[in-house]
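# Architecture and fold: a report
One-letter residues, chain by chain:
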Amino acid sequence: MSVPLPAAACAADLLAWAGHHLPTPEGRAEARLLLLHVLGQPAVWLFSHDREPVDPAAARRFGELVVRRAAGEPVAYLTGSRGFWNLELAVSPATLIPRPETELLVEQALLRLPDDGRPLRIADMGTGTGAVALAIAAERPQAMVLATDLLGPTLAVAVGNAQRNGIDNVHFRRGSWYRALGRDRFDVIVSNPPYIRSDDAHLQQGDLRFEPPAALASGEDGLEAIRIIAAGACDHLVPGGWLLLEHGWDQGPAVRALLDAAGLEQVQTVVDLEGRDRVSLGRRPGRSLWD
Ligand code: GLN
């Protein structure tokens, strides 16, 4: 765009310049995030240093990121990280960007994982950055979590995130859905699978344009992956074990029908902070260790 990056600039000048490219309140907050990222500073830094000159090379890097953001690239891909639960996770264009609503999946899984030191086995299928698996593993250090993904480069990001957060009770395996689980059985299986309809216009909007299509879309009705996951649940859960799935706000009835048809019991849907259907779950019949 036409407004040139100011030459000898302080943070306040740079943010004023960024306002031409990212004029909304959200855009201004994003520009602050990008500047702090380039400078390697925490948010409070801006309060006391915003009038100090910024190193010209850093100012140029900031300028490039602002222009890329204005062209639509997700902030998380520009900074290379995103907070989830209490973890800081590396993200790359090989992974879905973790979303706050997915914390509901973690919360609901934790409700079904006793915190009394007994050994537990959990699987997270299609782990992406590892967000769900790592959050559960951090909260249940005695549990063993298996995190799977179809793609090696994606799994490499998740492995790196385990190391960066010092979490050592997660194992990683590459493969499609239950194929990666083999003959093992789990107390809880979780997944945030792709669930968007392949013709959904949202796939052409916002951050979704830049995220891996295979992590987002799942067939004509968005339920292809969920159908596979529901159908195989009883073969991979211990008696009394739980399957929990994230899905779209309008998929609750369809997902519950698939969980019922797969022979699961106590099938229910939990709503997110916006009151929308977000996570559905069901239990394999039979007595579990904690009944
Ligand atoms: N919740 C994401 C979205 O609608 C989609 C994530 C997914 O398909 N698992 O933007």
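Residues numbered from 1 in each chain as written. Predicted model: local features only at pLDDT ≥ 70, side-chain atom pairs only at ≥ 80, totals over all residues. Heavy atoms only, no water.

The name that an unreviewed UniProt entry assigns to the protein chain is Release factor glutamine methyltransferase, with the source organism given as Stenotrophomonas koreensis. Reading the Catalytic activity (unreviewed entry) entry of the UniProt record for the protein chain gives the comment "L-glutaminyl-[peptide chain release factor] + S-adenosyl-L-methionine = N(5)-methyl-L-glutaminyl-[peptide chain release factor] + S-adenosyl-L-homocysteine + H(+)". Checking UniProt for the protein chain, the heading Function (unreviewed entry) contains the comment "Methylates the class 1 translation termination release factors RF1/PrfA and RF2/PrfB on the glutamine residue of the universally conserved GGQ motif." (UniProt positions renumbered as here; feature names shortened; annotations may be inferred.)

### Let's talk about the UniProt feature "domain: Methyltransferase small" (unreviewed entry) in the protein chain
Sequence positions flagged by UniProt for "domain: Methyltransferase small" (unreviewed entry) are, in local numbering, residues 116-200. The distance from the first to the last C-alpha atom of residues 116-200 is 44 Å, and the span holds 26% helix and 26% strand. (Helix = DSSP H or I, 4+ residues; strand = E, 2+ residues; numbered from the N terminus.)

### Quick look at the pairing of strand E4 (residues 144-149)
Taken residue by residue, a regular strand's side chains alternate between the two faces of the sheet. Taking burial as the measure, the six residues of E4 include five buried ones, the bulk of the element. In this structure, strand E3 (residues 121-125) lies alongside E4, joined through five bridges in parallel fashion. What sits directly across from Met 125, in E4, is Thr 148. In terms of handedness, the path from E3 via helix H7 (residues 131-139) over to E4 forms a crossover that is right-handed. When E4 meets strand E5 (residues 170-174), the two strands line up parallel, connected through five bridges. (Buried < 20%, exposed > 50% of the residue type's maximum accessible area, 1.4 Å probe, protein only. Pairing = 2+ DSSP bridges. Right-handed = clockwise from strand over helix to strand, strands pointing away.)

### A short note on the nonpolar core
Ile 122, Ile 136, Val 170, Val 188, Val 190 and Leu 244 are the most contacted members of the largest nonpolar core, which has 31 residues in total. If you list the elements that add at least two residues to this core, you get strand E2 (87-90), helix H6 (103-111), H7, E4, strand E6 (186-191), strand E7 (237-246) and strand E9 (277-283). Broken down by element, this core gets its largest block of residues, seven residues, from H7. Residues contacting Val 170, with those up to four places away along its chain left out, are Ala 133, Leu 134, Ala 137, Val 145 and Ala 147. (Core = buried A, V, L, I, M, F, W, Y, C linked by side-chain atoms within 4.5 Å. Contact = heavy atoms within 4.5 Å.)

### With respect to the site of the ligand
Lining the immediate surroundings of the ligand are Leu 96, Arg 99, Glu 101, Asn 192, Pro 193, Pro 194, Tyr 195, Ile 196, Leu 208, Ala 215, Leu 216 and Glu 246. One of the side-chain N or O atoms of Arg 99 is found 3.2 Å from an oxygen atom in the ligand. Coverage of the ligand by the protein amounts to 86% of the 300 Å² it exposes when considered alone. Tallied by class, the residues present in the shell around the ligand amount to eight nonpolar, one polar and three charged. (Near = heavy atom within 4 Å. Polar contact = N/O pair within 3.5 Å; in protein donor to acceptor, adjacent residues only side chain to side chain. Areas by Shrake-Rupley, 256 points an atom, 1.4 Å probe, with all protein chains shown as cover. Nonpolar A, V, L, I, M, F, W, Y, C, P; charged D, E, K, R; others polar.)

### Observations concerning the UniProt feature "binding site: substrate" (unreviewed entry) in the protein chain
UniProt's feature table lists "binding site: substrate" (unreviewed entry) at Asn 192, Pro 193, Pro 194 and Tyr 195, given in the numbering used throughout. If we ignore the near neighbours within four places in the chain, the residues touching Pro 193 are Trp 177, Ala 215, Ala 225, Ile 226, Ile 229 and Glu 246. Taking the relative accessible area as the measure of exposure, Tyr 195 reaches 14% and is therefore buried. When sequence neighbours within four positions are dropped, the list of residues in contact with Tyr 195 reads Leu 216, Ser 218, Gly 222, Ile 226, Glu 246, His 247, Gly 248, Gln 251 and Arg 278.

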